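# Observations on the three-dimensional arrangement
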Amino acid sequence: MRKATGYVHAVTDVSFMIDKAEAFALAGESGSGKTTTALMISRLITPTEGEIKFSGKPIAKYSRPEYGRCVSMIFQNPYASLDPHLTVGYILEEARWSAGVTQATQGAKLDELLEIVGLPADTRRAYPFQLSGGQRQRVAIARALAVQPMLIIADEPVSSLDVSLQAQIINLLADIRKRLGIAFLFIAHDLSVVYQFADSVAIMHSGRIVERGSVLDVLDNPRDEYTKKLVASILSPDPDKKVIA
Amino acid sequence: MDKQLLGVEHLSINYQRDQESIPAVTDVSFAIGKEEIFGLVGESGCGKTSIALALLGLLSPAEAYVAGAVTYAGTRLDQIDNQSLINLRGREISMIFQDPYAAWNPVMTIGQQIAEVFLVHQGRAPCQEKINSALREVRIEDAERVRNSYPHQLSGGLLQRSMIAMALSLRPRLVIADEPTTALDVTLQKDILQLLLNLKKESGCSLMLITHDISVVAQTCSRLGILYAGQIVETGPIREILRNPYHPYTRALVESVPAKYFWQHKRLDKLPVVPGNVPEPGKFGKGCRFYPRCPERIPQCETSVPPETAVGQDHKASCYAIRT
């Protein structure tokens, strides 16, 4: 038996389990149901049928702030996910208030949060428009950490970033997971990123999971036809390994 | 390189903002040969799109000051009048834009918009069959439906295919594709690149592919220019650059691609990274613009711009760090 932090039936008969401190990836093309699944787990939408459990308890049984302290989210586009008229400090504080994290229970101070994500302490006074895309995504990560969650849902956290920033953010997320023991539900369409970050992966296609297992099993030896197609679409940066001719 | 089709020499673009002149592109030179696929690689904010727009004469003098020489098939594009440029755009040189959802006019059908290209250049609207066949060329099977559709009724893949159909409809000799697959899903990316390559072979045009993705250029291009903060830091044949990247920025780009490790079946504890961001235009230092992030910087790099030096066969880089 494994100790599960989450258990899901969603979209069309989708089931999976995320262990404590595990990095679990949901991969597939747009429209495959990845984000819908994530939104159900974050309780932003309710499944029609089936059940999602967190630490053994159905998520519907948690109070809002209580669940807000268990699961937090990082979105794809840091230009859209941060409120433009709030300072970074306010954005981080607000995440805590809404999850009912009080002065007494709060762990890390704002400066520590910013330090974890590699931002200088005076960033707390900055507005989002004063920050670059990479810095904004770091703020979004700090916001997700502010409630000290057990699970972070990261929905395509690097796909709108530049190449040199992608590697920085992937390394940061991996580091956070190791240091703080937080589990990740990592949603991505780029399997080469999944390969570096996740332990296990589920491949989604048309709302169903077509293949899942450890990242090495699934991506090094895909069995499902759709997974094979996705793997084959990862373009090699080696000009002598052309798949396009 | 075979015979030259496009030559860009000492191109500089300065945007005018609030009495201030902000340099976006500085002293960029490159050439594209006939039937060649040239890749212009760089991250956002490096000036890739500004260069493309400047080549087509799409930057208005009120917003940008453009200097340098652009020679297309013997004609100086920077010196001809606006009407000649209009005649050239779409017929001789055409462009495929990054975001297929934004590049189409939402209140006109795909067919009407493709017809405009013929209308502008040939003085009359084409027959419907001509548009259908342009759409079928990009492997759209139900061309009739797509022609009569409004952009919101079509998927991103179909919109991008239709844009390629429009760009190629008058058989231009140079196609500029600005991140043509970035907004698309991975499986579509491969299809669209394959399609572009096939059409390029069939029509014999040259292709300038603008992208931040090293994998995309590795799969398609024969030569590359690497752009950083508005300057070309390295140019050369694709194999030369990817096998022996000289400039530290090029090496960082090549090393930080997750796809590289995927195909080597390697999982790394940490991906190699360059710390920091591309500086904003207007916030460049005096010397090498990569200086603040460079792992191999020497004092000289801070104060003077390294000149372009030959580092291999047809391979040039602008860097003071000497390597063997």
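Since the structure is predicted, the reported quantities are computational estimates derived from the model, not experimental observations.

## Description of the nonpolar core
Within the largest apolar cluster, 161 residues are counted, with the highest numbers of intra-cluster contacts made by Val194(A), Leu219(A), Phe30(B), Ile51(B), Ile176(B) and Met208(B). Looking at this core element by element, the count peaks at nine residues for helix H6 (residues 163-180) of chain A. Ile18(A), Leu26(A), Ala38(A) and Ile187(A) belong to the second-largest nonpolar core, a separate cluster that totals 23 residues.

## Thoughts on the side chain of Thr235(B)
Position of Thr235(B) among the secondary structure elements: in strand E10 (residues 231-237). If near-sequence neighbours (up to four positions away) are discounted, Thr235(B) is found in contact with Leu224(B), Gly225(B), Ile241(B), Glu308(B), Asp314(B), His315(B) and Lys316(B).

## Some details on the interface of chain A and chain B
Interface size is commonly expressed as the accessible area that is lost once the parts come together. Residue-level contacts link 43 residues of chain A with 44 residues of chain B. Summed over both partners, the interface of chain A with chain B comes to about 4100 Å²; 54% of that surface belongs to carbon and sulfur atoms. The largest contributions to the chain A side of the interface with chain B come from Gln196(A), Pro237(A) and Ile244(A), which together make up 17% of the buried area. Our count for the chain A to chain B interface comes out at three salt bridges. The partner of Arg239(B) in a salt bridge is Asp240(A), with the nearest N and O atoms 2.7 Å apart. Contributions of two or more residues to the side of chain A that touches chain B are made by H6, helix H7 (191-197), helix H8 (215-220) and helix H9 (225-232) of chain A. Considering every element that reaches the side of chain A that touches chain B, the biggest residue donor is H6(A), with nine residues. Class assignment of the residues belonging to the side of chain A that touches chain B gives a composition of 22 nonpolar, ten polar and eleven charged.

## Overview of the packing of aromatic side chains
Counted according to the given criterion, the structure contains 14 aromatic pairs over all chains. Between Phe54(A) and Tyr67(A), the ring centres sit 5.9 Å apart and the planes meet at 85°, which makes this aromatic pair edge-to-face. Residue Phe54(A) is located in strand E4 (residues 52-54), and its partner Tyr67(A) is located in helix H2 (residues 64-68); the two are separated by 13 residues in the primary sequence. Relative to Tyr249(B), the ring of Tyr228(B) lies with its centre 4.5 Å away and its plane at 55°, an arrangement referred to as tilted. Of the two residues, Tyr228(B) is situated in strand E9 (residues 223-228) and Tyr249(B) in helix H11 (residues 248-255); the sequence distance between them amounts to 21 residues. Among the aromatic residues, those joined into a cluster by ring pairs are Phe54(A), Tyr62(A) and Tyr67(A). Cation over ring: Lys57(A) sits above Tyr62(A), and NZ or CZ is 4.5 Å from the ring centre. In this structure, Arg297(B) is placed above the aromatic ring of Tyr291(B), and the distance from its NZ or CZ to the ring centre is 5.3 Å.

The rules we used
- Residues numbered from 1 in each chain as written.
- Chains lettered and ligands numbered in written order.
- Predicted model: local features only at pLDDT ≥ 70, side-chain atom pairs only at ≥ 80, totals over all residues.
- Heavy atoms only, no water.
- Core = buried A, V, L, I, M, F, W, Y, C linked by side-chain atoms within 4.5 Å.
- Buried < 20%, exposed > 50% of the residue type's maximum accessible area, 1.4 Å probe, protein only.
- Helix = DSSP H or I, 4+ residues; strand = E, 2+ residues; numbered from the N terminus.
- Contact = heavy atoms within 4.5 Å.
- Buried area = accessible area lost by both parts, 1.4 Å probe.
- Salt bridge = Lys/Arg side-chain N within 4 Å of Asp/Glu carboxyl O.
- Nonpolar A, V, L, I, M, F, W, Y, C, P; charged D, E, K, R; others polar.
- Phe/Tyr/Trp six-rings, centres within 6.5 Å; stacked < 30°, edge-to-face > 60°.
- Lys NZ or Arg CZ within 6 Å of the ring centre and 35° of its normal.

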